[in-house]
Amino acid sequence: HVTPRPGVVWPMHSAVLAHDAQVAAAGITTVFDAIALGDVLPVSFRTENLTAMADGIEAAAAAGILRAEHFLHLRCEVCYPTLPDLLAELIDRPIVRFASIMDHTPGQRQFVSMEAYAGYYQVKYNLSDTEFAAFVEQRCNEQKLYAEKHRRFTVDACHSRVIPLASHDDATADHVVEAERDGLVIAEFPTTLAAAEASGAAGMGVMMGAPNLIRGGSHSGNVSARDLAARGLVDILSSDYVPASLLPAAFLMAEVVDGIDLPRAIRTVATDPAARVGLSDRGEIAIGKRADLVRVRNLPVGRVVRTVWREGDRVI
């Protein structure tokens, strides 16, 4: 919403309102706005505008003009050279309520397949083969220099402020052992069955993308959310890159996965995520909880959100 076209920067207040309207219309009453602390490029729009984006969300919330309640989810790229500075700039804001440990180094985690990595980044940045080889070498060098010390800095900073932490794209049992050692509570998008099983056994909430479940597979070629759900290994669905995916994914899960009924599926987009990040006042319809409610019409063309209430007030 801030950059609707390449080279176009939209006014921040308008972008925040458009994003808020989109998530509320999808039936979302609490949203964790995920912003990336770091990038694969030394300088990018996302890193230069972190403060402006956070300021825009806070200003809109303070003015009482947002339909959903917005928190910040800090996606901490541990290989980024200046991650500690970016984290220090944002972490003490009250709206920061969740963080992920990220490492998008080629050849591991999300991008075990170098073909998939090239298909994403070489195409995205229009790099020649020579430029792409240098790009990959730089990413690997940054991992060696920064990954471990920045991971420790991030984990310590979040634990000292009681901010829940997630792993990201765990692929191996060793990744899960590392996450368990560091007190992470959510396994965000494990890429293999083995990592999902190990995460569940370690007591972490396994989170998969709703778009993965709807599409029937990962766009990166990793493990299918449907396959994990069939094995009882999906605790949470995330909207990931499609805000409108949550409710349709929950309904679809109940339809296509044996052993999961609609109440259980709805828990993956409401009760379980709220509990995992310490939001004990919401996530279910119960006495003493917030009246965050969604009325959905079940039509042949799909599920349509008709009315949304947040804390008892109608917002859609």
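See the structure printed just above.
Per chain, the residues get numbers from 1 upward, laid out in the order the sequence is written. Local features in this predicted model are restricted to residues whose pLDDT is 70 or higher, and side-chain atom pairs enter the listing and the counts only when it is 80 or higher, whereas totals over whole chains, interfaces and linings include all residues. Where side-chain values are given, they derive from all heavy atoms of the structure, hydrogens and water being excluded.

Chemist: Outline the packing of helix 4 (residues 83-90) against helix 6 (residues 129-160), supporting the account with residue identities and numerical values.
Modeler: Structural elements are reduced to axes, namely lines fitted to C-alpha atoms, with helices fitted over the stretch in contact, and the angle between N-to-C directions of any two is expressed from 0 to 180 degrees. Helix and strand labels come from DSSP, where a helix needs a run of H or I of at least four residues and a strand needs a run of E of at least two; each type is numbered from the N terminus. Their axes nearest at 10 Å, the elements helix 4 and helix 6 cross at an angle of 15°. Regarding the angle of helix 4 to helix 6, the classification is roughly parallel. Crossing of helix 4 over helix 6 shows right-handed handedness. Every residue of helix 6 that contacts helix 4 at Leu83, Pro84 and Leu87 is listed here: His150, Phe153, Thr154 and Ala157. In terms of residue class, the contact of helix 4 with helix 6 is built from five nonpolar, two polar and no charged. In this scheme, roughly parallel covers angles under 35 degrees and roughly antiparallel covers those over 145, while 65 to 115 is roughly perpendicular and the rest are oblique. By definition, any crossing whose near helix is turned counterclockwise from its far helix by less than a right angle is left-handed, and any crossing with a clockwise turn is right-handed. Note on contacts: a residue pair qualifies if any of its non-hydrogen atoms lie within 4.5 Å across the two residues. When residues are sorted by character, Ala, Val, Leu, Ile, Met, Phe, Trp, Tyr, Cys and Pro go into the nonpolar class, Asp, Glu, Lys and Arg into the charged class, and all the rest, Gly among them, into the polar class.

Chemist: Account for the sheet that holds strand 8 (residues 293-299), with residues named and values stated.
Modeler: We treat two strands as partners when DSSP finds at least two bridges between them. Spatially, the three strands line up as an open sheet ordered 8-9-10, and their pairing is antiparallel. Of all the strands in the sheet, just strand 8 and strand 10 (313-314) have a single pairing partner and so form its edges. Strand direction decides the pairing type here: strand 8 and strand 9 (residues 302-310), joined by seven bridges, are antiparallel. Bridged to Val294 within strand 9 is Val308.

Chemist: Report on the packing of aromatic side chains, specifying residues and quantitative values.
Modeler: Ring geometry is summarised as follows: Phe, Tyr and Trp rings, the Trp one being its six-membered ring, pair when their centres sit within 6.5 Å, and such pairs are stacked at plane angles under 30 degrees, edge-to-face over 60 and tilted between the two. Summed over the entire model, instances satisfying the criterion amount to two aromatic pairs. Taken together, a centroid distance of 5.5 Å and an interplanar angle of 40° make the contact between Phe32 and Phe71 tilted. Of the two residues, Phe32 sits in strand 1 (residues 30-37) while Phe71 sits in strand 2 (residues 69-77), which places them 39 residues apart along the sequence. The buried label applies to any residue whose accessible area, calculated with a 1.4 Å probe on protein chains only, is under 20% of its type's maximum; exposed applies above 50%, and partly exposed to all values in between. Judged by its relative accessible area of 6%, Phe71 is buried. Here Phe32 and Phe98 contribute two aromatic rings whose centre-to-centre distance is 5.9 Å and whose plane-to-plane angle is 75°, an arrangement assigned as edge-to-face. Of the two residues, Phe32 sits in strand 1 while Phe98 sits in strand 3 (residues 96-102), which places them 66 residues apart along the sequence. On the accessibility criterion, Phe32 (24% relative accessible area) is partly exposed. On the basis of relative accessibility, which here comes to 5%, the residue Phe98 falls in the buried class. The rule is short: NZ of Lys or CZ of Arg within 6 Å of the ring centre and within 35 degrees of the ring normal puts a charge over the ring. The ring of Phe71 has Arg97 lying over it, and the distance from NZ or CZ to the ring centre is 4.8 Å.

Chemist: Break down the sheet that holds strand 5 (residues 186-188) for me, with residues and values.
Modeler: Strand order in the open sheet formed by seven strands is 1-2-3-4-5-6-7, and the pairing between neighbours is parallel. Pairing within the sheet leaves two strands with one partner each, and these edge strands are strand 1 and strand 7 (236-238). Sheet twist, expressed as the mean angle between neighbouring strand axes with direction ignored, is 30°. Here three bridges tie strand 4 (residues 165-168) to strand 5, and the two strands are oriented parallel to one another. Residue pairing for strand 5: Ser167 is matched across the bridge by Ala187. Sheet contacts for helix 6: strand 2, strand 3 and strand 4; angle to strand 3, the most-contacted strand, approximately 160°.

Chemist: Before we move on, could you go through a positive patch on the surface and cite the residues and values that matter?
Modeler: Patch membership requires over 30% relative accessible area and the absence of a salt bridge. Like charges are linked within 9 Å, and nonpolar side chains (Val, Leu, Ile, Met, Phe, Trp, Tyr) within 5 Å. Residue-level accessible areas treat just the shown protein chains as cover; the underlying method is Shrake-Rupley with a 1.4 Å probe. We define a salt bridge as a contact between a side-chain nitrogen of Lys or Arg and a carboxyl oxygen of Asp or Glu at a distance within 4 Å. When charges are counted, Lys and Arg contribute as positive and Asp and Glu as negative, whereas His and the chain ends are disregarded. Every charge is mapped onto a representative atom, which is NZ of Lys, CZ of Arg, CG of Asp or CD of Glu. Taken together, the side chains of Arg295, Arg297, Arg306 and Arg314 make up a positively charged region of the molecular surface. Here Arg306 lies in strand 9.

Chemist: Explain helix 1 (residues 12-25) to me, using residue names and the numbers behind them.
Modeler: The end-to-end C-alpha separation of helix 1 is 20 Å, in line with the 20 Å expected for 14 residues at 1.5 Å each. Of the residues making up helix 1, those classed as buried are Met12, Ala15, Val16, Asp20, Val23 and Ala24. For helix 1, the buried positions fall inside an angular range of 160° around the axis, keeping them on one side. Against the buried residues of helix 1 lie strand 1, helix 3 (50-62), strand 2 and strand 9. Take the residue count of a helix, subtract one, and multiply by 1.5 Å to get its expected span. Taken from the helix axis, the directions to the C-beta atoms give the arc we talk about.

Chemist: So, the pairing of strand 2: which residues are in play, and what are the values?
Modeler: The element strand 2 is extensively covered by neighbouring structure, given that nine of its nine residues are classed as buried. Taking every second residue as pointing to the same face, both faces of strand 2 are buried, with Glu69, Phe71, His73, Arg75 and Glu77 on one and His70, Leu72, Leu74 and Cys76 on the other. With eight bridges joining them, strand 1 and strand 2 adopt parallel strand pairing. Residue Leu37 lies in a different strand from strand 2, and its bridge partner there is Cys76. In this structure, strand 2 lies alongside strand 3, joined through six bridges in parallel fashion. Of the residues in strand 3, the one forming a bridge with Cys76 is Ile101.

Chemist: Got a sec to walk through the pattern of salt bridges? Specific residues and values, please.
Modeler: All chains considered together, the criterion is met by 19 salt bridges. Asp281 is the salt-bridge partner of Arg282, the closest N and O atoms lying 2.9 Å from each other. Look at Arg282 and you get buried, because its relative accessible area is 9%. Taking the relative accessible area as the measure of exposure, Asp281 reaches 30% and is therefore partly exposed. Among the ionic contacts, a cluster of salt bridges with common partners joins Glu69, Asp281, Arg282, Arg290, Asp292, Arg310 and Glu311.

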